[in-house]
Structures are given as structure tokens and as C-alpha cells.
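Take a look at the letters that make up each chain.
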Amino acid sequence: MSSAGTGEVLTDSYGRTVRSLRMSITDRCNLNCIYCHNEGHVGHSREMPVDTIVNIVEVASQFGINRLKLSGGEPLLRKDLEEALTRLPDMRDISLTTNAVLLRDRASSLKDAGLDRVNISLDTLDPEKYRTIAKCSTGMFDRVLDGIHAAVDAGLTPVKLNMVLLKDLNDDEIKDMLDFTRGYGGDVMLQLIELMDFRDLPQYRINANEVEKSLLSVSSDVQVRELHKRKKYIINGAEVEFVRPVDNTEFCANCNRLRVSADGKLKPCLLVNNNLVDVLNATKDELPDLFRLAVSKRVPFCRD
Ligand SMILES: Nc1nc2c(ncn2[C@@H]2O[C@H](COP(=O)(O)OP(=O)(O)OP(=O)(O)O)[C@@H](O)[C@H]2O)c(=O)[nH]1
Ligand SMILES: C[S@@+](CC[C@H](N)C(=O)[O-])C[C@H]1O[C@@H](n2cnc3c(N)ncnc32)[C@H](O)[C@@H]1O
Ligand code: SF4
Ligand code: SF4
């Protein structure tokens, strides 16, 4: 069996049908965040060329995967990103997760090339704290704010602001961040993220149940997304999504994402590195069976 595209979808042995592809396109970054998981990848490696990116996405879309998330490292470090975007097949949703340091001057060209929306990492509204968290020079913070404006102007919306909650460092800023998003009307929303502690930072681990409780107490409505069964709280007209990946069986039971590492390996799970399927040099004819193989290796990281 090799070809795809006859209505076949990829479902793993836990009943999870793959609906989206999360692709890292570089391991390089222009920041050095204290907590970074680098999409579960260790070290630097050769990056996939645009041809490989396009082939992988084309085959994914033949399997009915119609959502694509591009990430990294910092994906805007790739100067050929617009070229890749223009060559991708039509999909329901193509989004990019970025630190936005380089976004201001590229927001329009990315939109023109076919990008639908961006998620932007912003953990704090305090420039000094930003410097501490991202371990970077002064000036980066303002560039991120410029990037957010540019994304909204270019229509890369809804822009999600990703805020990794860090105990006693930024967890007192949720209300301020919400006010900040309200300033953009419905174009910007907040996404709170529970820290996955890859770097032994126990002092920053938050109590996610407590956060959830306090969000609930001020919400007028709560919605549940299909992806990971994530909750979205509506608070005075603003939307807040809470990503709770830690020890969360429900999150993994509803994981419909297959990952691709920057060096061209299909990655069945963010947190597992011993079951990767190398597709870097695969031909387009070989790719469908390699997708099937990768999906057969998918196991929920957390399960009862
Ligand atoms: N454990 C785990 N974490 C994930 C997974 N997908 C996303 N995350 C985490 O979720 C957070 C937000 O990721 P983003 O890149 O902004 O994308 P997203 O929110 O998942 O995707 P959209 O809502 O579609 O924009 C990051 O901390 C990711 O590491 C996953 O499948 N497993
Ligand atoms: C690895 S970054 C790559 C994209 C881009 N460089 C950025 O920061 O947006 C993708 C997302 O993962 C989040 N992230 C990184 N390390 C994390 C961790 N240890 N726990 C939770 N989220 C993390 C970042 O905040 C960011 O929103
Ligand atoms: S900007 Fe993104 S990839 Fe870079 S260190 Fe921060 S979280 Fe990691
Ligand atoms: S199984 Fe769980 S940890 Fe692994 S990628 Fe899916 S949601 Fe993330």
C-alpha cells in the first residue's frame, strides 16, 4: 500500500484520528527562554528544505489533515518561509507560532503568501521581566509589541498571545494581559499555558487547578475545544484558553496532532524521542506508508 487521497484518514490504535500537523521548521532561535522545550528536540540539526516541507504537507492533506501549525525554534529565522507558504496545498487553517521579534516587517508578506493567523509568545507586559524570561537584550520587548500590531494590521487574526504561567514571576499578570487583549477588540486573545518543566524549574510550577478555579469564578461562559479538550473561558467579553498539558490524560486522549521535527522526522508525540520516523529523503511515493507507520506508533503520553 502506498498512495493516499482516497478518503483514507489516519487513526491510531487509541482511536485518535490525526487532524493536524505541527511542524518545526528550525531549531534555531533568537531568544533563549528559561523554560523552552524546543518542541521536544535536543540539539541542532540540518533543516528540511522547502521541497521536503511541501511534499510532507501535500501527503498529509491527502490524508484529510487540513490544519497546519508551523513552529520552531523561531520559524521567522527561515527566510524561505514565504516561499514555502506559497507552495503549500490549500488547507483549512495554516498558523504560525512565533516570538514575533522579526514579525513587524514580514506580517504582510506572510499573509499574502497564505498564512491565516499567528500565535505570539508574550509572557509579561513588563520589559524587564521579559528580558529575564527570554534572556535577551533590551529592545526585543518593543519589537514583539510592534509584531503584535503588525499581525493585527495584516489580518493574521485571531492573534493568540501565548503566556506560559510562571509562579511568582508572571502569574499575577493574567488580568493585565486580559486588559491588553481587550484593547484589540476581538482580534487578539489570551492563551495561558501550564509550564512543562523540562529544565528542572520547580520554583516556577503553578497550581493549574487553582488557576482554573479562579478563571471559572469570573467567567460568563466556558467552551471546550476538540483539540486536547482545552477549555476556553469568556471573561468580560475576552477569550482565554488554558493549555494544560501536564499529567493530563484527557489532554492526551484528545491529541489529534502529528508532529514533524525540523530535520524531517515524523514525531508521534512531543514528549517521546525514540519512535521517530525519518522522512527527510523519502520520495513522495514513499511518504504515505511512512505516515501510516508513524501513526501506528502513536501512544497517549498520559493515560489511565
Ligand atoms: N504536550 C503537548 N503540548 C502541546 C501540544 N500542542 C501544543 N502544545 C503546547 O501548547 C502551547 C501552545 O502552542 P501553540 O504553538 O501556540 O499552538 P496551539 O495553541 O497548540 O494551536 P492553536 O490553538 O491551533 O493555535 C505550547 O506550549 C505547546 O508546547 C501537544 O500536542 N502536546
Ligand atoms: C517552542 S516555541 C516555538 C515558537 C516560537 N519560538 C515561540 O516562542 O512562540 C512554541 C510555544 O511553546 C511554548 N513553550 C516553550 N517551552 C515550553 C514549556 N516548557 N512549557 C510550556 N510551553 C512551552 C512557548 O511559549 C511557545 O508559545
Ligand atoms: S522564543 Fe520560542 S523557541 Fe525560542 S527560546 Fe523562547 S520558547 Fe523557545
Ligand atoms: S500524546 Fe500528549 S504529550 Fe504527546 S503530543 Fe499528544 S498531547 Fe502532547
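Given the structure is predicted, the values throughout are model-derived calculations rather than measurements.

A few words now on the pairing of strand β1 (residues 20-24). Counted residue by residue, β1 has four buried out of five residues, so it is predominantly covered. Bridge count for β1 against strand β10 (residues 257-260) is four bridges, and the pairing is parallel. Paired with L21 across the strands is L258, a residue of β10.

A sheet is described by the order of its strands in space; here twelve strands give the open sequence β7-β8-β9-β6-β5-β4-β3-β2-β1-β10-β11-β12, paired in mixed fashion. In the strand order of this sheet, the two ends are held by β7 (221-224) and β12 (277-278), each with one partner. Those strands touched by helix α6 (residues 174-182) are β5 (159-165), β6 (188-194), β8 (231-235) and β9 (238-243), and its axis lies near 155 degrees from that of β6. Running at roughly 160 degrees to β9, helix α7 (residues 208-217) makes contact with β5, β6, β7, β8 and β9 of the sheet.

So, on to the UniProt feature "binding site: [4Fe-4S] cluster 1" (unreviewed entry) in the protein chain. Mapped onto the present numbering, the UniProt feature "binding site: [4Fe-4S] cluster 1" (unreviewed entry) falls on C29, C33 and C36. Tracing the chain through its elements places C29 in the loop between β1 and α1 (50-62). In contact with C29, other than residues within four places in its own chain, are G72, G73 and E74. Of note, C36 is situated in the loop between β1 and α1.

Here we take up the nonpolar core. Core analysis: the biggest nonpolar cluster contains 72 residues, and I120 and A151 have the highest contact counts within it. The dominant element in this core, judged by the number of residues it contributes, is helix α5 (residues 140-154), at six residues. With near-sequence residues (within four places) excluded, A151 lies in contact with L103, A107, V118, I120, L156 and V159.

A few words on the site of ligand 2. Around ligand 2, the surrounding shell holds 19 residues, and the nearest of these are Y35, H37, S121, N162 and M196. Elements supplying a minimum of two residues to the shell around ligand 2: β3 (93-98) and β5. Of the residues that constitute the shell around ligand 2, the class distribution is eight nonpolar, nine polar and two charged.

When the pLDDT values of the protein chain are averaged, the result is 95; 98% of them are 70 or greater. With pTM at 0.97, the complex prediction returns an ipTM value of 0.99.

For the rest of this paragraph, the subject is the packing of α1 against helix α9 (residues 287-296). The N-to-C vectors of α1 and α9 enclose an angle of 70 degrees; their axes lie 10 Å apart at closest approach. Relative to α9, α1 is oriented roughly perpendicular. Helix-helix and strand crossings are classified by hand; for α1 and α9 the assignment is right-handed. When α1 is examined against α9, the residues N55, I56 and V59 are found in contact with a partner set consisting of L287, P288 and F291. Tallied by class, the residues present in the contact of α1 with α9 amount to five nonpolar, one polar and no charged.

Moving on to the site of ligand 4. In the neighbourhood of ligand 4, the contacting residues comprise H228, P245, F251, C252, C255, C269, L270, L271, P300 and F301. Taken together, the residues of the shell around ligand 4 break down into nine nonpolar, one polar and no charged.

Residue position: D153 is located in helix α5. Taking the number of C-beta atoms within 10 Å as the measure of exposure, D153 has 14 and is therefore partly exposed. Separated by 49 residues in the primary sequence, D153 and R104 have C-alpha atoms spaced 9.9 Å apart.

A few words now on the UniProt feature "binding site: S-adenosyl-L-methionine" (unreviewed entry) in the protein chain. UniProt marks Y35, G73 and S121 with the feature "binding site: S-adenosyl-L-methionine" (unreviewed entry), using the numbering shown here. Annotated residues spanning 87 residues; largest pairwise C-alpha distance 12.9 Å, indicating a single compact cluster. Inspection of the secondary structure puts G73 in the loop between β2 (67-71) and α2 (81-87). Non-local contacts of G73, meaning those with residues more than four positions away in its chain, are made with S24, T26, D27, R28, C29, N38 and A262. Looking at where S121 falls in the secondary structure, it is placed in strand β4 (residues 117-121). Non-local contacts of S121, meaning those with residues more than four positions away in its chain, are made with N99 and N162.

Thresholds applied
- The written sequence of each chain sets the order in which its residues are numbered from 1.
- For naming, the first written chain is A and the first written ligand is 1, with later ones following in the order written.
- Totals for whole chains, interfaces and linings use all residues, but because this is a predicted model, local features are given only for residues with pLDDT of at least 70 and pairs of side-chain atoms are given and counted only at 80 or more.
- Here the C-beta atoms are placed from the backbone, and a residue counts as buried if at least 20 other C-beta atoms lie within 10 Å of its own, exposed if 12 or fewer do, and partly exposed otherwise.
- Every helix listed is a DSSP run of H or I at least four residues long, and every strand listed is a run of E at least two residues long, numbered separately from the N terminus.
- A pair of strands counts as paired when DSSP detects no fewer than two bridges linking them.
- With C-beta atoms placed from the backbone, a contact is any residue pair whose C-beta atoms sit within 7 Å.
- With axes taken as lines fitted to C-alpha atoms, and helix axes fitted only over the stretch in contact, angles between N-to-C directions fall between 0 and 180 degrees.
- UniProt positions are given in the numbering used here, feature names are shortened, and annotations may be inferred rather than shown by experiment.
- What we call a nonpolar core is a set of buried Ala, Val, Leu, Ile, Met, Phe, Trp, Tyr and Cys residues whose membership is set by joining through C-beta atoms within 7 Å.
- Working rule for contacts: place C-beta from the backbone, and if it is within 6 Å of a molecule or strand, that residue counts as near it.
- For this scheme, ten residues count as nonpolar: Ala, Val, Leu, Ile, Met, Phe, Trp, Tyr, Cys and Pro. Four count as charged, namely Asp, Glu, Lys and Arg, and the remainder, Gly too, count as polar.
- As a per-residue measure, pLDDT reflects the predictor's confidence and takes values from 0 up to 100.
- We call two directions roughly parallel when the angle between them is under 35 degrees, roughly antiparallel when it is over 145, roughly perpendicular when it lies between 65 and 115, and oblique otherwise.
- By convention, the crossing between two helices is left-handed when the near helix turns anticlockwise from the far helix through less than a right angle, and right-handed when the turn is clockwise.

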